[in-house]
Amino acid sequence: MDDDSRQQRPGPAGGSGRRHVDLSPEQLVTLAHPIRSRLLSALRTGGPATASVLALRLGTNSGTTSYHLRRLAEVGLIEDAPEHGDGRDRWWRPAQESHSFSAQNHPGDADAVAASDWLHEHYLRLSHRRAEDWAEQRREWPAPWRSAATMSDWALHLTPEQLTAMNVEIDAVIERWRGGTDPGDPAAERVAVILYDFPEPDLRA
């Protein structure tokens, strides 16, 4: 990730049909909150849920959870899931599968820039934690999974334009695999693909 950051977490139940959103300043500021970012991720990974279910999953209380869910709904990041439940509980689902954001898109909005910085650092910490969890648990997985999962790094000499073009190509490959697999395959697991590419400041002349 750099200042143009993307989070892609497809939810099993989907949403309103919109796959991706570039966050507006209002959405950025709303999402830059530890509980709200966790709620959106939980809905994308776990599917539609009520405030009570999410409170149990996240270790919060249902009143606080309900408040933050309404804030996410106000800016169009989540929506009602009327096909679930019996009318007594309000069910929520993600309105999109993924989002991206860039501080460069809002140079005159100090709140949006601060929110972008917070989200960038938040997702970076989460990515590190997920990789560390895999490193600790990998010996518990079957050999084919241990062999298939990789961690690689390369040193390339690129211009900003070339780096952008490379990332577009990588995105296209990921999108192809997202749409070409069977989520019901019993041999399949959900796989995290995390990409960082950035200039190395300590090597700059």
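Please refer to the structure placed before this passage.
Since the model is a prediction, treat every value here as computed from it, not as a measurement.

### Details of the nonpolar core
In this structure, L23, L31 and L69 are the most contacted members of the largest nonpolar core, which totals 24 residues. Residue assignment for this core shows that the elements contributing at least two residues are α1 (25-31), α2 (34-46), α3 (51-58), α4 (62-74) and α5 (110-137). When residues of this core are assigned to their parent elements, the largest contribution, 5 residues, is made by α2. Once residues within four sequence positions are removed from consideration, L23 is found in contact with L28, L31, L77, H99, S100, F101, H106 and L119.

### Focus on the packing of α2 against α3
The N-to-C vectors of α2 and α3 enclose an angle of 105°; their axes lie 11 Å apart at closest approach. Of the possible angle classes, the one that applies to α2 and α3 is roughly perpendicular. Residue-level contacts link I35, R38, L39, A42, L43 and G46 of α2 to L54, R57 and L58 of α3. When grouped by side-chain class, the residues that make up the contact of α2 with α3 number 6 nonpolar, 1 polar and 2 charged.

### Topic: the sheet that holds strand β3 (residues 49-50)
If you trace the 3 strands from one edge of the open sheet to the other, you get β3-β5-β4, paired in antiparallel fashion. Strands with a single pairing partner mark the edges of an open sheet, and in this sheet they are β3 and β4 (78-80). As paired elements, β4 and strand β5 (residues 91-94) share 3 bridges and run antiparallel to each other. Its bridge partner lying in β5, D80 is registered against W92. Across the sheet, α2 is in contact with β3, β4 and β5; its angle to β5 comes to roughly 85°.

### Topic: the packing of aromatic side chains
Counting across every chain of the model gives 3 aromatic pairs. Seen in terms of ring centroids, W134 and W141 are 5.9 Å apart; in terms of plane orientation they differ by 65°. Their pairing is edge-to-face. Residue classification places W141 among the partly exposed residues on the basis of a relative accessible area of 28%. Aromatic rings pair up to connect W134, W141 and W145 into one cluster.

### Section: the pattern of salt bridges
One side chain can pair with another of opposite charge once the charged atoms of both are near each other. Enumeration over the complete set of coordinates arrives at 6 salt bridges. Close ionic contact of E79 with R93 constitutes a salt bridge, the shortest N to O distance being 2.9 Å. Here the residue E79 occupies a position in strand β4, and R93 occupies one in strand β5, the gap between them amounting to 14 residues. Across the pair, exposure class does not vary: E79 and R93 are buried alike.

### Some thoughts on the pairing of β5
Of the pairings in the sheet, the one linking β3 to β5 comprises 2 bridges and is antiparallel in character. What sits directly across from A49, in β5, is W92.

### Structural notes on α2
The terminal C-alpha atoms of α2 lie 18 Å apart, and with 13 residues this matches the ideal 18 Å at 1.5 Å per residue to within 8%. Inspection of α2 places I35, R36, S37, L39, L40, S41, A42, L43 and R44 among the buried residues, and these make up the whole buried set. Just downstream of α2, G47 is the residue with a positive phi angle, here 85°.

### Focus on α4
Taking 1.5 Å as the rise per residue, α4 with 13 residues should run 18 Å; its terminal C-alpha atoms sit 18 Å apart, in good agreement. Those residues of α4 lying buried are T65, H68, L69 and L72. Along the axis of α4, the buried positions cluster into a sector of 105°, meaning they face one direction only. Residue N61 occupies the N-cap position of α4, its side-chain oxygen lying 3.1 Å from the main-chain nitrogen of G63.

Each value, and the rule that gives it
- Residues numbered from 1 in each chain as written.
- Predicted model: local features only at pLDDT ≥ 70, side-chain atom pairs only at ≥ 80, totals over all residues.
- Heavy atoms only, no water.
- Core = buried A, V, L, I, M, F, W, Y, C linked by side-chain atoms within 4.5 Å.
- Buried < 20%, exposed > 50% of the residue type's maximum accessible area, 1.4 Å probe, protein only.
- Helix = DSSP H or I, 4+ residues; strand = E, 2+ residues; numbered from the N terminus.
- Contact = heavy atoms within 4.5 Å.
- Axes fitted to C-alpha atoms, helices over the stretch in contact; angles between N-to-C directions.
- Parallel < 35°, antiparallel > 145°, perpendicular 65-115°, else oblique.
- Nonpolar A, V, L, I, M, F, W, Y, C, P; charged D, E, K, R; others polar.
- Pairing = 2+ DSSP bridges.
- Phe/Tyr/Trp six-rings, centres within 6.5 Å; stacked < 30°, edge-to-face > 60°.
- Salt bridge = Lys/Arg side-chain N within 4 Å of Asp/Glu carboxyl O.
- Expected span 1.5 Å × (residues − 1).
- Arc of directions from axis to C-beta.
- Polar contact = N/O pair within 3.5 Å; in protein donor to acceptor, adjacent residues only side chain to side chain.

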